[in-house]
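Coordinate analysis (summary)
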Amino acid sequence: MTLSRRDLLAASAALLAGPGALQRAAAREQPAGGPIVLCWNENPYGPSPAARVAVSESIAQGCRYPSDEELAALTGMLAAREGLSADHIVTGTGSGELLCALGLLYGRDGGEIIAAQPTYQELTHYAERAGAVLRWLPVDAQLRHDLPAMHAAVGARTRAVYVCNPNNPTGTVLPAAQIRDFVRSLPAPVVVIVDEAYMDFVATGASGSVADLAGSGARVVVLRTFSKIHGMAGLRCGYAIAPPQIAADLAGARMSTANLYAVRAARASLGDSQFLIACRQRILASRARITAELSRRKLRYAEPQGNFVFFDTGMPLERFSALMRERGILVGRLFPPFDTWCRITIGTEPEVTAFLGALQQIGAGA
Ligand SMILES: Cc1ncc(COP(=O)(O)O)c(C=O)c1O
């Protein structure tokens, strides 16, 4: 599909016009008759109109490698947003590539990595394959990272601590001040890897980024992605913010080169603030709708701060997933030991309506 500037303006107007227009725009992207995909924490409204134009206008350049200047332009934009120099930024093929590279850097040769249970496992899985020793610390009663327990677990062999804030799959967030104190309290060789993939969905005042710590030389790596609020999961672009020496080590451990379309789309999307604001509003409104219904049904849930909700279905997840699948809805996988809990991605408004209708049919909760 090729979008003209006129299409872009029309798409932006539709996006901002209200849920109906936005739903129709998103619905056009769904394969007809396919299931409702609420299992990957994607943003169904993306990519932004500006990113779509950037990609469609670049199709003919697919025969070229992205130039160093192009990549530097994206890195420069990201650095300027953080108020840091460009040597603090490392871009990757999704933040997933950078998580794997960090797992390799700190996990190889028996390096010990501390992580919450449950949490996002891209770094930990990769690190284990590279010979890491993983120390898992259960989340606390509110399903948040238990920082005191993680701190107590740090030992002579610990090389990194992974903190996913907000956490996937629980959706819970820790205040930025707690993460800052945690980073400062650890012994020098330990690096804290803070994954902020979902930070853009956090309720105002509940938390914030700690990326500025990288500028003060603290041993911290902050990860961000274009896959969530920017709605570009299929394009694959993410980045890390770290002190220059750590950033250089991380850049050296990457395994792919930049994707031309992703780089151009990312630059365009960063400038499309109307789209980003609209996505946040829609997703937070749907999140409130889901939690209101879960409360009404007396189903427990963890305080959600991402574009997904983790809740207790009251039945084995395997059964719940099968009942949802029968109704054409794909939900998140099992996250042990939460055997009755489900992670549901916040889709478009009609998709949320379909999910809530299915909950009603299944008779989950009260
Ligand atoms: C917490 C977290 N970090 C990182 C990623 C990876 O994102 P990507 O590789 O698409 O940037 C995900 C994907 O779902 C995630 O949930």
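Let me begin by describing the structure that accompanies this report. Sequence order sets the numbering: in each chain, residues are counted from 1 along the sequence as written. Two thresholds apply to this predicted model, a pLDDT of at least 70 for residue-level local features and 80 or more for giving and counting side-chain atom pairs, whereas whole-chain, interface and lining totals are computed over all residues. Excluded from the side-chain calculation are hydrogens and water; included are all heavy atoms of the structure.

**Comments concerning the site of the ligand**
Here is the rule we go by: Think of it this way: one heavy atom of a residue within 4 Å of a molecule or strand is enough to make that residue near it. Numbering of helices and strands runs from the N terminus, with a helix taken as a DSSP run of H or I at least four residues long and a strand as a DSSP run of E at least two residues long. For this scheme, ten residues count as nonpolar: Ala, Val, Leu, Ile, Met, Phe, Trp, Tyr, Cys and Pro. Four count as charged, namely Asp, Glu, Lys and Arg, and the remainder, Gly too, count as polar.
Near the ligand there are 15 residues, and of these Ser95, Asp195, Tyr198, Thr225 and Ser227 occur at the shortest range. At four residues, helix H5 (residues 94-107) tops the list of elements feeding residues into the shell around the ligand. Taken together, the residues that form the shell around the ligand break down as five nonpolar, six polar and four charged.

**Notes on the state of the cysteines**
Formally: Only a pair of cysteine sulfur atoms within 2.5 Å qualifies as a disulfide here.
Applying the stated criterion to the full structure yields zero disulfides. Cysteine 100 provides the cysteine sulfur closest to cysteine 237, a residue in no disulfide bond, and the two sulfurs are 16 Å apart.

**Comments concerning unusual backbone geometry**
Here the amide bond leading from glutamine 117 into proline 118 is cis, since omega sits at 5°, within 30 degrees of zero. Its place among the elements puts proline 118 in the loop between strand S3 (112-117) and helix H6 (122-129). Here the amide bond leading from asparagine 165 into proline 166 is cis, since omega sits at 0°, within 30 degrees of zero. Mapped onto the fold, proline 166 is located in the loop between strand S5 (158-164) and helix H8 (176-185).

**Remarks on the packing of aromatic side chains**
Note the threshold: Any pair of Phe, Tyr and Trp rings, taking the six-membered ring for Trp, is counted once the centres come within 6.5 Å. Such a pair is stacked with planes under 30 degrees apart, edge-to-face with planes over 60 apart, and tilted for the rest. Here the term buried applies to any residue with accessible area under 20% of the maximum for its type, exposed to any over 50%, and partly exposed to those in between, with areas from a 1.4 Å probe on protein chains only.
Evaluated as defined, the whole model comprises eight aromatic pairs. Centre to centre, the rings of phenylalanine 310 and phenylalanine 338 are 5.7 Å apart; their planes meet at 70°, and the pair counts as edge-to-face. One end of the pair, phenylalanine 310, is in strand S9 (residues 308-312); the other, phenylalanine 338, is in the loop between strand S10 (329-330) and strand S11 (341-345), with 28 residues separating them in the sequence. Consider the rings of phenylalanine 311 and phenylalanine 355, whose centres lie 6.1 Å apart with planes at 70°: the pair is edge-to-face. With a gap of 44 residues between them, phenylalanine 311 in strand S9 and phenylalanine 355 in helix H13 (residues 349-362) connect regions that are remote in the sequence. Accessibility assignment for this pair places phenylalanine 311 and phenylalanine 355 in one class, buried. Members of the aromatic cluster, joined through ring pairs, are Phe310, Phe335, Phe338 and Trp341.

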